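# Fold and contact review
Below, each chain spelled out in residue letters.
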Amino acid sequence: RVRHFPAYLREQNLVHGGRLESLRGLRVGFDVVYWLRTIQGLKDPFATPLGGIPPGIFGFVERELNGLAQAGITPIFVFPGMTLSAPQQFRPAYGGQADQAWQHVVAGDINKASQTFALCSSRINSDLLFFIFHRLRHLKYQCFQAPYLAVAQLAHFADQGFVQACYGPHEMLLFGVKTAVVSMNPADGAFDFVGLNHVLAGFQVPYPTLVDACLVAGTDYSKTLPFLNQGDFSFSQALTAVRKMPLADWVQRAEDRDREELRVEYGVCRVLVYQCPVLSLGDLTVVPRGKILGELPLVPANINTLIGNRLPTSLYLLVVHGVLSTKLPSALATGIWQDRSQPLVDSVEYRELLISQEVSDLRCRALGLVAQRLHPGYQATPVAYYPFFMPLPMFGHQPPEPAVTLAPAQAPLLRWTFTAADLQAEKARQGAAVVDFAFCLRWHHHESETQGPLFQQLTTPGGEVAVETAEMLGALVHFR
């Protein structure tokens, strides 16, 4: 997000309208988080406080999908991957607002309670994204979990011609997306979009200057340039500033207490915009996007200090296909486990549970299960755990003392032994057409009940399973 950027584009008449008929037959990449936020039926401020997801969620989503189908649009849904946490000043104080909202409920003021809950609850959380991902997969839509930022992956898809348009926030322009569809109304057959070339011509600046203007305006990862906060702020002030003087000179003119912080924050933003790693469609490896384009600034040698160490391609692919969540790979890559989940009702007992030895042992076991097949360095590197009620570490700052230091726990793995013939026999027994997680659960349950060979050989030493088919590989992944 960029401060006042969408509003300024509309003020300058740089948001244009079009008919959905012009998108018929095209593949459109969707930023899922942005798309879900535009669905009116999901805007229920009481859903999270009451401990669930918005009622009728799948019905609202499928109604939007039907609208896309009627318009002849083929959607490619891109989910967010491993990301940095925003600086502390951009994190709302959820706890105090939630307490205040419940006080309004007790007092019988439902309107104020609704407004306050809307501010302190995130409608698009990890649980909701998990449900939506697998629901869309079940409906045979193409879903993709980006290794890092969803907008960067969408920009790569557009670069390679895999999608012909991108649906997402106005800020996609920063990543070089030529045309960003920012709203869509299938019922009216209309959509709004912004074009990068139109914006650059309207602002009369080159692309790098537009990026710098957005950085000094203020983003999720950088503060507004202090010189621009002296009065009412407008995005035009940021444009004027970078036209007058390069960004580096503005930072140098900042006061001593702000200079280093601004230098780090703007540097982080530039790396994320120009060099955020994406899954290359060419060879299915995760590399910085600028390296693929070959025309942007060189990749910083210390990029790993920002986004963590590079993980094996096989692990990224498990994330991309939604088999593995991003939490464990991110913790192993960065050495930091950030727990941002807010409880419905906070309490001393809940906080003590999060950092208890029992829960910490489970986290260590989970880390160990992933790290066992990685480089030994991942197995030996401790992971600092920060629960939601502690200050989170920020890039360029001395990290606070963690609540718990986790060590990936090594444990013997179960030996899943079966052949292609065994798999086909089990499919016939279940009458199943696909090999998915539920299929493997039913198979294991049956084998445990009958003391079959699959169950009896779990702890028997032996070699690896000879994978003969794609279905065997899928079953092995689900079992493990």
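Residues numbered from 1 in each chain as written. Predicted model: local features only at pLDDT ≥ 70, side-chain atom pairs only at ≥ 80, totals over all residues. Heavy atoms only, no water.

### Section: the packing of helix α9 (residues 207-217) against helix α10 (residues 235-244)
Selection rule: To get an axis, a line is fitted to the C-alpha atoms, and for a helix only the part in contact is used. The angle between two axes follows their N-to-C directions and goes from 0 to 180 degrees. For the purposes of this entry, the term helix denotes a DSSP run of H or I that reaches at least four residues, the term strand denotes a run of E that reaches at least two, and both are numbered from the N terminus. Relative orientations are named as follows: roughly parallel for angles under 35 degrees, roughly antiparallel for angles over 145 degrees, roughly perpendicular for angles from 65 to 115 degrees, and oblique for any other angle. Handedness of a helix crossing follows the sense of rotation of the near helix relative to the far helix, less than a right angle counterclockwise being left-handed and clockwise being right-handed. Any two residues whose heavy atoms approach within 4.5 Å at even a single point are treated as in contact. Charged residues are taken to be Asp, Glu, Lys and Arg, nonpolar residues to be Ala, Val, Leu, Ile, Met, Phe, Trp, Tyr, Cys and Pro, and polar residues to be all remaining types, Gly included.
Their axes nearest at 8 Å, the elements α9 and α10 cross at an angle of 125°. It follows that α9 is oblique to α10 by the angle criterion. Crossing geometry of α9 relative to α10 is assigned as right-handed. Here Thr 209, Asp 212, Ala 213, Cys 214, Val 216 and Ala 217 of α9 come into contact with α10, specifically with Phe 235, Ala 238, Leu 239 and Val 242. Its residues placed into classes, the contact of α9 with α10 shows 8 nonpolar, 1 polar and 1 charged.

### Some points on helix α8 (residues 196-203)
Short version of the rule: When a residue's accessible area, from a 1.4 Å probe over protein chains only, is under 20% of the maximum for its type it is buried; when over 50% it is exposed; and in between it is partly exposed. In this description, the arc belongs to the directions extending from the helix axis to the C-beta atoms.
If you check which residues of α8 are buried, you get Leu 196, Val 199, Leu 200 and Phe 203. In a view along the axis of α8, the buried residues occupy a sector of 95°, so they form one face of it. In α8, the exposed residues that point more than 90 degrees away from the buried face are Asn 197 and Ala 201. For α8, the elements touching its buried residues are α1 (5-11), β7 (190-195), α9 and α10. Gln 204 lies just past α8 and shows a positive phi near 60°.

### Regarding the confidence of the model for the protein chain
Keep this limit in mind: Known as pLDDT, the predictor's confidence for each residue is given on a scale from 0 to 100.
Taken over all residues, the pLDDT of the protein chain has a mean of 86, while the share at 70 or more is 91%. Segment residues 87-93: pLDDT under 50, and 18 contacts once partners within four positions in sequence are set aside and those in other chains are kept.

### Concerning the sheet that holds strand β11 (residues 383-386)
Sheet strands pair by backbone hydrogen bonding; their relative direction is either parallel or antiparallel. Our working definition: Strands were regarded as paired on the criterion that DSSP finds at least two bridges between them.
Here we have 3 strands laid out as an open sheet, ordered β10-β11-β12, and mixed in their pairing. Since the sheet does not close on itself, it has two edges, and those belong to β10 (336-338) and β12 (404-406), each with one partner. Each strand axis lies, on average, 30° off the axis of its neighbour in the sheet, ignoring direction. Pairing analysis gives 3 bridges linking β10 to β11, with the strands arranged parallel. Bridged to Ile 336 within β11 is Ala 384. Where helix α18 (residues 357-371) meets the sheet, its contacts fall on β10, β11 and β12, and the angle it forms with β12 comes to roughly 30°.

### Brief notes about the pattern of salt bridges
The condition that has to hold: Think of a salt bridge as a Lys or Arg side-chain nitrogen and an Asp or Glu carboxyl oxygen that are within 4 Å of each other.
The full count for this structure, using the stated rule, is 13 salt bridges. Arg 1 is paired through a salt bridge with Asp 220; the nearest N and O atoms lie 2.9 Å apart. Within this pair, whereas Arg 1 is found in the segment before α1, its partner Asp 220 is found in the loop between α9 and α10, the two being separated by 219 residues in sequence. Given a relative accessible area of 18%, Asp 220 falls into the buried group. With a closest N to O distance of 3.3 Å, Lys 223 and Glu 265 form a salt bridge.

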